[in-house]
Amino acid sequence: MIKTIRRILAIAGKEKPRIYLGILCNFLKSMSMAVMLLAVFVVVENLEHLSRGVILQALYILIGSIAGRFLFQWLGDISMSAKGFDMFRDYRLAIGEKMKSAPMGYFSEQRLGTIQTTLTSTVVELEQYSMLFITDMTGGISMAVIIIVCMAFYSPLMSLLSLVGLLAGLLVMNRLIHAAATHTVKVQEAQEHLVTQSLEYIRGIAVMRAFCRNEGRDGAVYEAFRERQQAALDQEKASLPLLRLYT
């Protein structure tokens, strides 16, 4: 998990400071949400002699917690959430500039499939999920740690059990990422093969129509679709047991 975050930061380039700021805002948002527990503790501690002042104090804490949550959520959104799109926009432009100077022999049929896959599905997945991964991981772990620390003042045993649960969850998550990653290469290769076959099929439609030929469902393009489907299913099946255990 930490390795994945480091890899995302390594390719962030000039957007890295904004991502660090977003992580900080995400942590502060988690702290603001955890402050809600303080309102509960205030009411519980004064439950036997509950008064209007105690209720107002708990209410003010809740209002401050909600306000902090929305404030840091907004700051995190404007500082980090859109940076994945900015990062890979620059990468697309950089790839385009390099492709302008590439020799014509580089753009073979196989190369076109790889290039098309990289610039579309691969980059799209990265720009959509890279910042979401950092946000969910840092926010979730921060929230859990803050709650465990707060709980330690009232019930050390429950705090210890929660810590064990958090560590177990992180271990399962790490194994889940590893299990999915082992099939990622096969999914990528199947996607590249699918794009290559699709391009060849589209280019050959005019010829097939001219000679009244139909490739049928057993053609190479349909086989490529089946291979892509099977690769995705294999990846899901490998991750499903661990995902059920994690949830």
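Residues take numbers from 1 onward in each chain, read along the sequence in its written order. Local features in a predicted model are, by the rule used here, given only for residues with pLDDT of at least 70; side-chain atom pairs are given and counted only at 80 or more, and totals for whole chains, interfaces and linings are based on all residues. The basis for every side-chain value is the complete set of heavy atoms in the structure, and neither hydrogens nor water enter the calculation.

### Details of the environment of S32
Phase 1 of the analysis: The helix and strand labels rest on DSSP assignments: H or I over at least four residues marks a helix, E over at least two residues marks a strand, and numbering proceeds from the N terminus. Position of S32 among the secondary structure elements: in helix α2 (residues 16-45).
Phase 2 of the analysis: Remark: the alpha-carbon pair of S32 and L62, spanning 30 residues in sequence, is separated by 9.4 Å.
Phase 3 of the analysis: In what follows, residue pairs with any heavy atoms lying within 4.5 Å of each other are defined as contacts. Other than its neighbours up to four places away in sequence, S32 contacts S65, G68, R69 and F72.

### Details of the layout of surface pockets
Phase 1 of the analysis: There is about 1,800 Å³ of room inside the largest pocket.
Phase 2 of the analysis: Lining the largest pocket are 40 residues, with T4, E125, L126, Y129 and T184 positioned closest to its centre.
Phase 3 of the analysis: Element by element, the count of residues in the lining of the largest pocket is highest for helix α5 (residues 109-152), at 13 residues.
Phase 4 of the analysis: Under the scheme applied, nonpolar residues are Ala, Val, Leu, Ile, Met, Phe, Trp, Tyr, Cys and Pro; charged residues are Asp, Glu, Lys and Arg; polar residues are all the others, including Gly. Of the residues contributing to the lining of the largest pocket, the split by class is 21 nonpolar, 13 polar and 6 charged. Definitions used throughout: a 1 Å grid over protein atoms alone; a cavity as a set of points that fits a 1.4 Å probe which cannot get out; a pocket as an open set with protein on both sides within 12 Å along at least five of seven lines; a lining residue as one with an atom within 4 Å of a point. Grid points are joined across faces, edges and corners, and a volume is the space filled by probe spheres set on the points.

### Re the packing of α2 against helix α3 (residues 52-81)
Phase 1 of the analysis: With axes taken as lines fitted to C-alpha atoms, and helix axes fitted only over the stretch in contact, angles between N-to-C directions fall between 0 and 180 degrees. Here α2 crosses α3 at 165°, and the two axes come no closer than 8 Å. On the basis of the axis angle, α2 is roughly antiparallel to α3. Where α2 crosses over α3, the two elements pack in a sense that is left-handed. Angle categories are assigned with fixed cut-offs, so that under 35 degrees is roughly parallel, over 145 is roughly antiparallel, 65 to 115 is roughly perpendicular, and the rest are oblique. By convention the crossing between two helices is left-handed if the near helix lies anticlockwise of the far one by an angle smaller than a right angle, and right-handed if it lies clockwise.

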